[in-house]
Amino acid sequence: MLCLHRFTDMTPQKARELGLSALLVDLDNTLVPPHAPLPTDEALSWLQTMRDAGIAVMVVSNNDENRVGTFCNACEPLLDGLWKAAKPFPHKLRAAMKRLGVTPAETGFMGDQLFTDMLAAVLSGTRPILTDPQVAETDRFFRFKRACERLILPERRYIS
């Protein structure tokens, strides 16, 4: 598993070095802060850079159609997305790869959660790429999940 501080640490050059021609990306706390309705300038710039380099990017999120659709529509024509992914189950990641015309070997999945995003990546055969969350969640559920993640992965080794 690769670890990145932020999604922007994945450059077209790194993607090519890893043999990736496509990146599937979680939305909340990976590409933007949780529940940010629209893309940030940083996200739009990164998406444009990837597109210009020929790296396909698609959102795969557990959020609903309205959330993902609104976000992706604001990124047009840079981004498409799939919603209600039911991660960690891999079926939507496989659907995204089929839509992009890529294989698991040439696809990475970038997300901030070990038990949903990274497990989905492993189950789908894609390259798991774990990012630090953009903001710390404060509710009990997420604090518990993050504590469990630290038990399994107490120290992250970041690629440069």
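Everything below is about the structure shown above.
Residues numbered from 1 in each chain as written. Predicted model: local features only at pLDDT ≥ 70, side-chain atom pairs only at ≥ 80, totals over all residues. Heavy atoms only, no water.

**Side note on the pattern of salt bridges**
The full count for this structure, using the stated rule, is five salt bridges. The partner of R6 in a salt bridge is E42, with the nearest N and O atoms 2.2 Å apart. Taken together, the residues R6 in the loop between β1 (2-4) and α1 (12-17) and E42 in helix α2 (residues 41-52) connect sequence positions 36 residues apart. The partly exposed category is assigned to R6, whose relative accessible area is 28%. In this structure, D117 and K87 form a salt bridge, with 2.8 Å as the shortest nitrogen-oxygen distance. Here the residue D117 occupies a position in helix α5 (residues 114-124), and K87 occupies one in the loop between β4 (80-82) and α4 (91-100), the gap between them amounting to 30 residues. Because the salt bridges share partners, they merge into one network encompassing D26, K87 and D117. (Salt bridge = Lys/Arg side-chain N within 4 Å of Asp/Glu carboxyl O. Helix = DSSP H or I, 4+ residues; strand = E, 2+ residues; numbered from the N terminus. Buried < 20%, exposed > 50% of the residue type's maximum accessible area, 1.4 Å probe, protein only.)

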